[in-house]
Amino acid sequence: MPDGPLPYRGRFAPSPSGPLHFGSLFAAVVSYLDAKTHQGQWLVRIEDLDPAREQAGASAGILATLAAHGLEWDERETYQSDQIELYRANLATLQHQERLYWCRCSRKQLSGQAVYPGTCAQQRRPLAEAAIRFQTLSEQDRFVDRFQGLQTCAPREQAGDVVVVRKDGLYAYQLAVVSDDISHGISHVVRGIDILDSVWWQRELYRALGSAAPQYGHFPVLLKPGSEQKLSKQNRAPAVQNQTASANLVQIFRALGMNFAPDRPPQLLQQALAEWRSGPLSAQIHLQSQALRLD
């Protein structure tokens, strides 16, 4: 084994349920800058496991938007829909460890439950029309988030058992994302703070699959102008316009406290890289632990 830390490999992983909005572009920019300032590789993965939510042409549109903003990925983009055999193999590994059970609980039955209460935990044999849950065993876990500092949890009590295969047979997010990140050698995950709670399930899955978890950094979510709502597809955030790429980047950097004159996207990104290396951009993310506003 080579000495020293593993090379930095980061990623941006959008779902093709629609075009990129400013919140997702913000996530792409921050993860890109963090990878490049560490002389790392930045990969793009399309999370297309739910055909019912996929919008026709969205995958190509997302890639076109990234390219228009100067965000060049270092390897050919990948698609979760091509990884089904990997998910199946990892599910078999978890089954061999007796960490899976079949759950027919409905959303109505679980209404008001912050953590799944383990109702079906004894159902260890396959059932039709049932989700598959992964059993969380860790009593305590902790890690240092690169932007948010020390994080602690009692996963078994506070996170509970997570769905890894949905009732409709589709592989669920937690198993897919961990499987992909292991397969692609991802060393650093940089994403929004709104996903931080999923870390505990993911770290549990890493341990069960015999791999080290990546270093995590969760940055603040971006809020809609004049609102306390985060920018998201659910909140009908408008699509990013590629023809105003330079202005879009200037606006994103302004939300981070960086003021650049309009320029071509590659030049703007280079300026932002210099700021990230010298500290202000990273410090701004540390200081604003929950949200930044897009003005």
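Preceding this paragraph is the structure being described.
Residues numbered from 1 in each chain as written. Predicted model: local features only at pLDDT ≥ 70, side-chain atom pairs only at ≥ 80, totals over all residues. Heavy atoms only, no water.

With their axes 11 Å apart at the nearest point, helix 1 (residues 22-37) and helix 8 (residues 245-255) run at an angle of 75° to one another. It follows from the interaxial angle that helix 1 and helix 8 lie roughly perpendicular. Judged by residue contacts, Phe 22, Leu 25, Phe 26, Val 29 and Leu 33 of helix 1 engage Asn 248, Leu 249, Gln 251, Ile 252 and Phe 253 from helix 8. Taken together, the residues of the contact of helix 1 with helix 8 break down into eight nonpolar, two polar and no charged. (Axes fitted to C-alpha atoms, helices over the stretch in contact; angles between N-to-C directions. Helix = DSSP H or I, 4+ residues; strand = E, 2+ residues; numbered from the N terminus. Parallel < 35°, antiparallel > 145°, perpendicular 65-115°, else oblique. Contact = heavy atoms within 4.5 Å. Nonpolar A, V, L, I, M, F, W, Y, C, P; charged D, E, K, R; others polar.)

This part is about the side chain of Glu 47. Among the secondary structure elements, Glu 47 is positioned in the loop between strand 2 (41-46) and helix 2 (58-68). In this structure the side chain of Glu 47 is engaged in a polar contact, spanning 3.4 Å, whose partner is the side chain of Arg 45. Excluding residues that lie within four positions of it along the chain, Glu 47 makes contacts with Ala 13, Pro 14, Ser 15, Pro 16, Gln 80, Tyr 173 and Val 177. (Polar contact = N/O pair within 3.5 Å; in protein donor to acceptor, adjacent residues only side chain to side chain.)

A few words on the packing of aromatic side chains. For the structure on display, the rule yields eight aromatic pairs. Pairing Tyr 32 with Trp 42 gives two aromatic rings, centres 5.2 Å apart and planes at 90°, and the pair type is edge-to-face. A residue pair is termed long-range when its members are at least 10 positions apart, and Tyr 32 in helix 1 and Trp 42 in strand 2 qualify at ten residues. On the basis of relative accessibility, which here comes to 10%, the residue Tyr 32 falls in the buried class. Judged by its relative accessible area of 0%, Trp 42 falls in the buried class. Among the aromatic residues, ring-to-ring pairing joins Phe 12, Tyr 32 and Trp 42 into one connected group. Over the face of the ring belonging to Tyr 116 we find Arg 133, whose NZ or CZ atom lies 3.6 Å from the ring centre. (Phe/Tyr/Trp six-rings, centres within 6.5 Å; stacked < 30°, edge-to-face > 60°. Buried < 20%, exposed > 50% of the residue type's maximum accessible area, 1.4 Å probe, protein only. Lys NZ or Arg CZ within 6 Å of the ring centre and 35° of its normal.)

Now for unusual backbone geometry. Even without being a glycine, Gln 39 presents a positive backbone phi close to 55°. If you trace the backbone, Gln 39 turns up in the loop between helix 1 and strand 2.

What follows covers the environment of Val 165. Structurally, Val 165 can be placed in strand 8 (residues 162-165). Residue classification places Val 165 among the buried positions, given a relative accessible area of 8%. Sequence separation between Val 165 and Leu 175 is ten residues, and the spatial gap between their C-alpha atoms is 8.1 Å. Apart from the residues within four sequence positions on either side, Val 165 is in contact with Leu 91, Ala 131, Ile 132, Leu 170, Tyr 171 and Ala 172.

Turning our eyes to something else, we now look at helix 3 (residues 84-96). Here helix 3 is 13 residues long and its end C-alpha atoms lie 18 Å apart, about the 18 Å a rise of 1.5 Å per residue gives. For helix 3, the set of buried residues is Tyr 87, Asn 90, Leu 91 and Leu 94. Each buried residue of helix 3 sits inside an arc of 105° when the element is viewed along its axis, so together they form one side. Set apart from the buried face of helix 3 by more than 90 degrees, the exposed residues are Glu 85 and His 96. The inward-facing, buried residues of helix 3 abut strand 4 (100-103), strand 5 (131-134), strand 8, helix 6 (173-183) and helix 7 (199-208). Within two residues after helix 3, Glu 98 carries a phi angle of roughly 60°, on the positive side. (Expected span 1.5 Å × (residues − 1). Arc of directions from axis to C-beta.)

The next subject is the sheet that holds strand 4. Judged by pairing direction, the sheet is antiparallel, and its three strands sit side by side in the order 4-5-8 without closing on themselves. Looking at the sheet topology across the chains shown, the edges are occupied by strand 4 and strand 8. Pairwise comparison of adjacent strand axes, ignoring direction, gives a mean angle of 45° for this sheet. In this sheet, strand 8 lies alongside strand 5 in antiparallel orientation, the contact comprising three bridges. Counterpart to Phe 134 in the pairing with strand 8 is Val 162. (Pairing = 2+ DSSP bridges.)

Of all the eleven residues making up helix 6, eight are buried; the element is thus mostly covered by neighbouring parts of the structure. Contacts from the buried residues of helix 6 go to strand 1 (9-12), strand 2, helix 3, strand 8, strand 9 (188-192) and helix 7. Two residues or fewer after helix 6 comes Gly 185, characterised by a positive phi angle close to 65°.

Here the focus is the sheet that holds strand 3 (residues 78-79). Remark on secondary structure: sheet strands pair via backbone hydrogen bonds, oriented parallel or antiparallel. The three strands are arranged 1-2-3 in an open sheet whose pairing can be described as parallel. Every interior strand has two partners, whereas the edge strands, strand 1 and strand 3, have only one. As defined by bridge partners, strand 1 adjoins strand 2 across four bridges and the pair is classed as parallel. Each bridged residue has a counterpart across the sheet, and for Phe 12 the counterpart in strand 2 is Val 44. Strands in contact with helix 1 are strand 1 and strand 2; relative to strand 2, the strand with the most contacts, it is inclined by about 150°.

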